[in-house]
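A structural walkthrough
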Amino acid sequence: GNLCQACLLVYNLVNAQNMREILQAAMRYGYKKMESIGISTNDFAAMFGMMKEYLRGSYKLRHGKDILFWMVIVVAYFVCPIDLIPDAIPIIGYMDDLYFLRMLIHRFRFEFDDFNACKEKSDWSLPCLHTTR
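Now for a look at the structure at hand. The structure displayed is predicted, hence computed values, not measured ones.

About the thresholds
Residues numbered from 1 in each chain as written. Predicted model: local features only at pLDDT ≥ 70, side-chain atom pairs only at ≥ 80, totals over all residues. Heavy atoms only, no water. Helix = DSSP H or I, 4+ residues; strand = E, 2+ residues; numbered from the N terminus. Buried < 20%, exposed > 50% of the residue type's maximum accessible area, 1.4 Å probe, protein only. Contact = heavy atoms within 4.5 Å. Areas by Shrake-Rupley, 256 points an atom, 1.4 Å probe, with all protein chains shown as cover. Axes fitted to C-alpha atoms, helices over the stretch in contact; angles between N-to-C directions. Parallel < 35°, antiparallel > 145°, perpendicular 65-115°, else oblique. Nonpolar A, V, L, I, M, F, W, Y, C, P; charged D, E, K, R; others polar. Core = buried A, V, L, I, M, F, W, Y, C linked by side-chain atoms within 4.5 Å. Salt bridge = Lys/Arg side-chain N within 4 Å of Asp/Glu carboxyl O. Phe/Tyr/Trp six-rings, centres within 6.5 Å; stacked < 30°, edge-to-face > 60°.

Looking now at the overall build of the chain. A count of helices and strands for the chain gives six helices and zero strands. The order of α-helices and β-strands along the chain, N terminus first, is α-α-α-α-α-α. Out of the 133 residues belonging to the chain, those deemed buried represent 38%. The long-range fraction of contacts in the chain, counting pairs at least 24 apart against all pairs at least 6 apart in sequence, stands at 59%. For the chain, the accessible surface area stands at approximately 7,900 Å², while carbon and sulfur atoms represent 61% of it.

Here it is in structure tokens:
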């Protein structure tokens, strides 16, 4: 069921095989989860867009590559139904997942802002909006 799918997704994320399909599956799962409790999906979409464009070689990370490690960890935690508060508990079960997602976005806000600015202008070579982290 969902546990097997989540474990397979995490395994594939760690092994970086079929990254495009994995990102799309995780994004669909995340949207469904976020929409079920009325959370905006803009930053969530930006996270996956950033990963996709970085893997394509289009977008260069401007504020350190440690964001990639944390994005993979947060996505793995997000899609796994077994975590601190089990996802089976309606609404409350998603709070820990959303907390980690918000912490990632807050910690790497400058990177998200730069990515969104580049995407909006369709120009991946724009200078950084922020010079410090």
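Here the narrative resumes.
Moving on, we come to the packing of helix α3 (residues 42–56) against helix α6 (residues 109–121). Contact geometry of α3 with α6 gives a least axis separation of 10 Å together with a crossing angle of 75°. The orientation of α3 relative to α6 falls into the category roughly perpendicular. Between α3, through D43, A46, M47, G49, M50 and E53, and α6, the contact on the second element is made entirely by R109, E111, F112, F115 and N116. For the contact of α3 with α6, the per-class residue count stands at five nonpolar, two polar and four charged.

It is characteristic of soluble globular proteins that their nonpolar side chains tend to be buried jointly. Membership of the largest hydrophobic core comes to 22 residues, with the highest contact counts inside it found for M47, M50, I67, M71, L101, L104 and F112. Elements that contribute at least two residues to this core include exactly α3, α4 (66–79), α5 (92–107) and α6. Considering every element that reaches this core, the biggest residue donor is α3, with six residues. Beyond its immediate stretch of four places on either side in the chain, I67 contacts M50, L61, F108, E111 and F112.

The next point concerns the pattern of salt bridges. Tallied over the full model, the rule gives three salt bridges. Across the pair E53 and R56 runs a salt bridge, and its minimum N-O distance is 3.0 Å. Taken as a pair, E53 and R56 lie in helix α3 at a separation of three residues, close to a single helical turn. R107 is the salt-bridge partner of D66, the closest N and O atoms lying 3.8 Å from each other. Here R107 lies in helix α5 and D66 lies in helix α4, a separation of 41 residues in the sequence. Given the relative accessible area of 42%, R107 is considered partly exposed.

The backbone phi angle of S122 is positive, close to 55°, even though this residue is not glycine. The class of S122 is exposed, set by a relative accessible area of 64%.

Turning our attention to the packing of aromatic side chains. Counted according to the given criterion, the structure contains six aromatic pairs. Relative to F115, the ring of Y59 lies with its centre 5.3 Å away and its plane at 90°, an arrangement referred to as edge-to-face. You can see Y59 sitting in the loop between α3 and α4 and its partner F115 sitting in helix α6, a full 56 residues away along the chain. On the numbers, 4.8 Å between centres and 75° between planes, the contact of Y77 with F100 is edge-to-face. Residue Y77 is found in helix α4, and its partner F100 is found in helix α5; the two are separated by 23 residues along the sequence. Owing to a relative accessible area of 30%, F100 belongs among the partly exposed residues under this scheme.

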